[in-house]
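Single-letter residue listing:
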Amino acid sequence: KLFLILGCMAMQGEPVRWASDHTEHHRYADKPGDPHSPSEGFWHAHWGWLIEIRFDREINPIFKNDALAMQISKWTWSYTVLGLIIPAVLGQLVGIGWWDGFLWGGGVATFLGNQATYWVNSGAHTFGRRDFETDDLSTNFWLKGPIGYPISWLAAYITCGETNHNNHHAIGHAANHGMFKGQLDTSARMLRILEKMGL
């Protein structure tokens, strides 16, 4: 529940729509029907698809039957506003002012966080290497060289390992996307910690 709410607060949209879009992306990966494939243009995959989609698009029936996800999705905009109010309040409490808290902790942080998500749709289907032969354009965004490696590491850190995207498309049910040596995957580490906590 907490992670669904945090996703809403980070302006990732309604959980049931996000999950439906993700399901369609895997069903039609880089073919007609994929909501965000770079085969229709890099910027379409990055954020253009969000402008082009119908806002009354269908929700996958699997998620319609998930009462918790549907309940949280119903309150998405309330959580989104909360995701802007909390940084403003914290900014005021720590002395930097509500406006700076709202602007940097709410607006700028959310904008940059969403760019990381969009990069997985665009960059991790365009640049990098393919450790698995899949029938889509997915890549693991790991560039070579003294400049490429730090950029790749930073992208993996910011996306919590989601730039290991070819791995994700090859073995979609795996929680661990960083499957090879040197592939950072903080999402998998967090899941291991939660598992040890019994969650």
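In this text, all values refer to a predicted model and were calculated from it rather than measured experimentally.

Asker: When you look at the side chain of Ser-138 in this model, what are you seeing that I'm missing?
Answerer: Along the polypeptide, Ser-138 turns up in the loop between α7 (98-122) and α8 (145-158). Leaving out residues up to four positions away in the same chain, Ser-138 has contacts with Asp-30, Ala-124, His-125, Arg-130, His-165, Asn-166 and His-169.

Asker: Hey, could you run me through the packing of helix α1 (residues 2-9) against helix α6 (residues 76-94) in this one?
Answerer: Helices that pack against each other are described as a pair by the angle of their axes relative to one another and the distance between those axes. Contact pair α1 / α6: the axes reach a minimum separation of 7 Å and the direction vectors enclose 70 degrees. It follows that α1 is roughly perpendicular to α6 by the angle criterion. Across the interface between the two elements, Ile-5, Cys-8 and Met-9 of α1 pack against Thr-76, Tyr-79, Thr-80, Leu-82, Gly-83 and Ile-86 of α6. Here the residues of the contact of α1 with α6 sort into six nonpolar, three polar and no charged.

Asker: Please clarify how the pattern of salt bridges should be interpreted in this entry.
Answerer: Side chains that differ in sign of charge can pair as their charged atoms come close. Considering all chains together, one arrives at four salt bridges under this definition. A salt bridge links Arg-17 to Glu-14; its shortest N-O distance comes to 3.2 Å. Here Arg-129 ties to Asp-131 by a salt bridge, and the two come within 3.1 Å at their closest N and O atoms. Arg-129 sits in the partly exposed class, given a relative accessible area of 35%.

Cut-offs used in this document
Residues numbered from 1 in each chain as written. Predicted model: local features only at pLDDT ≥ 70, side-chain atom pairs only at ≥ 80, totals over all residues. Heavy atoms only, no water. Helix = DSSP H or I, 4+ residues; strand = E, 2+ residues; numbered from the N terminus. Contact = heavy atoms within 4.5 Å. Axes fitted to C-alpha atoms, helices over the stretch in contact; angles between N-to-C directions. Parallel < 35°, antiparallel > 145°, perpendicular 65-115°, else oblique. Nonpolar A, V, L, I, M, F, W, Y, C, P; charged D, E, K, R; others polar. Salt bridge = Lys/Arg side-chain N within 4 Å of Asp/Glu carboxyl O. Buried < 20%, exposed > 50% of the residue type's maximum accessible area, 1.4 Å probe, protein only.

All we've got here are geometric facts, nothing functional implied.
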